[in-house]
Amino acid sequence: MTEGQKVLRHPALWIPIALATAACLGIAIKRSNDARAPSRDAHPFVELHAPRVDHAIAIDAEMDGKKVWESEAGSTGVFKDSRGIGMVPYTEAKVRWGERMLYFWLYAGDLDLEGSVTDPDGPIDLDDSFHIELAPDDRVYTIEVSVLGTLADAVCTGTLGAAASERHCDAHWQSGASVAVDRDGTLNRVGDNDEEWIVEMAIPLSSLGMEKAGAGSRIPFAIRRCDVGARGPGACGSFGMGEPRGEIVLDPTSVDGVQLAGAPGRR
Ligand SMILES: [Ca+2]
Ligand SMILES: [Ca+2]
Ligand SMILES: [Ca+2]
C-alpha cells in the first residue's frame, strides 16, 4: 500500500478531505460558468514536454546503449484504454526534438506480431500499428506506422482525435518520415515467443509547416495503438485522443539535463 492510500484510510481525515473536495467542485463549477475563461480551460489538455537532443538521432532501431531514449522525460507513460486503465499489452511513446526533427520512440508489448501491408498509404490499421495525429495549424496530420515499418500518412480536415467519418483526408501528403523497427518475435506465426516491437522515427518539422519551431513551440498531439492478433483486432489504448487532448511542448532542456543558454525555463 502506498503512503497516499494509508492516509485516505484514516477516518479522522475524511472530514477535511470532503470539505476540500467540495471547495474544489465549487471552483470547477464557477470556472465552467465563466464565459471569460481562456479557451484552454474549456478544452482540457495534457502537456508532453519533449526534451531537446544535441545531435541527430540515427534512425536504425539499434536500441542497445542508445542513451537518448533512456530518460523518462517526454514519455506518455502507458497508454490508457477506454476505461482509463493502463493498456495491456504495455504500450508507450517517447518524444524528442532537435536538428529540425521531431523524434519518436514507440514501444509495443506484443505476444503475436501481425503485419502484411507493405504498400505506402495502404490500410495498415489492419496490421499491428501506431496511429499518430499532429495538429500544429487548422489541419490534422496523421501518420501511421506498422510493425513492418510501412507508413501511411495524410493531411486531414477536422480536429485532433475526431472519428475518421468526421474528416476528409488527402493521402498524397507525405511526411518524409524515416522509420526503423526492432522486432522481438516472428511475424504472422502464433504460439511462439513474440515479446515486443519498437519503432524509431524522425519526422521533419518542415513537413508540418514548422520550419521555425523552437523551444516553447507547441504541437497538439495524440497517439493510439490497437493490438492486432491472428483473430483480428484486440485491445486499444491511446494518449491525448480525447479529454484531455495532448500537446507536445518543445522543451529547451536536453535529454542530458542541460538547458540552452538564454532559453526560457521549464516553468
Ligand atoms: Ca501519404
Ligand atoms: Ca509470432
Ligand atoms: Ca499484435
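Residues numbered from 1 in each chain as written. Chains lettered and ligands numbered in written order. Predicted model: local features only at pLDDT ≥ 70, side-chain atom pairs only at ≥ 80, totals over all residues.

Peer 1: Just to check I follow, could you spell out the nonpolar core for this structure?
Peer 2: For soluble globular proteins, nonpolar side chains are generally found buried alongside one another. By size, the foremost hydrophobic cluster in this structure holds 48 residues, and its most contacted members are Val95, Tyr103, Phe104 and Leu106. Looking at which element gives the most residues to this core, the answer is strand E3 (residues 101-109), with 8 residues. (Core = buried A, V, L, I, M, F, W, Y, C linked by C-beta atoms within 7 Å. Buried ≥ 20, exposed ≤ 12 C-beta atoms within 10 Å, placed from the backbone. Helix = DSSP H or I, 4+ residues; strand = E, 2+ residues; numbered from the N terminus.)

Peer 1: Mind showing me how you'd approach unusual backbone geometry here?
Peer 2: Peptide bonds are trans in most cases, and residues, glycine excluded, mostly fall at negative phi. Following Val88, the chain continues to Pro89 via a peptide bond in cis, the omega torsion being 5°. Note on placement: Pro89 falls in the loop between strand E1 (45-52) and strand E2 (91-98). The phi angle at Glu99 is positive, at roughly 55°, despite the residue not being glycine. Position of Glu99 among the secondary structure elements: in the loop between E2 and E3. Positive phi, normally seen in glycine, also occurs at Arg100, with a value near 60°. By secondary structure assignment, the location of Arg100 is in the loop between E2 and E3.

Peer 1: Just to check I follow, could you spell out the pairing of E2 for this structure?
Peer 2: A regular strand places its side chains on the two faces of the sheet in alternate fashion. With 8 of 8 residues buried, E2 lies mostly within the body of the structure. Going residue by residue along E2, you find Thr91, Ala93, Val95 and Trp97 tucked away on one face and Glu92, Lys94, Arg96 and Gly98 tucked away on the opposite face as well. Pairing of E2 with E3 involves 8 bridges; the strand directions are antiparallel. Its bridge partner lying in E3, Arg96 is registered against Tyr103. A loop of 2 residues connects E2 with E3, the two strands running antiparallel in sequence, and Glu99 in this loop sits at a positive phi of about 55°. (Pairing = 2+ DSSP bridges.)

Peer 1: Help me out: how do you make sense of the environment of Ile198 in this one?
Peer 2: With respect to the helices, strands and loops of the structure, Ile198 is situated in strand E9 (residues 196-204). Considering only alpha carbons, one finds Ile198 and Asp184, 14 residues apart in sequence, at a separation of 8.6 Å. When residues no more than four places from it in sequence are discounted, the contact partners of Ile198 are Ala61, Met63, Trp105, Leu106, Tyr107 and Asp182. (Contact = placed C-beta atoms within 7 Å.)

Peer 1: Got a minute to help me understand the pairing of strand E5 (residues 140-146) in this structure?
Peer 2: Counted residue by residue, E5 has 7 buried out of 7 residues, so it is predominantly covered. Neither face of E5 is exposed, since Val140, Thr142, Glu144 and Ser146 on one face and Tyr141, Ile143 and Val145 on the opposite face are all buried. Bridge analysis of strand E4 (residues 129-134) against E5 gives 6 bridges, and the strand direction is antiparallel. Among the inter-strand pairings, His131 is bridged to a residue of E5, identified as Glu144.

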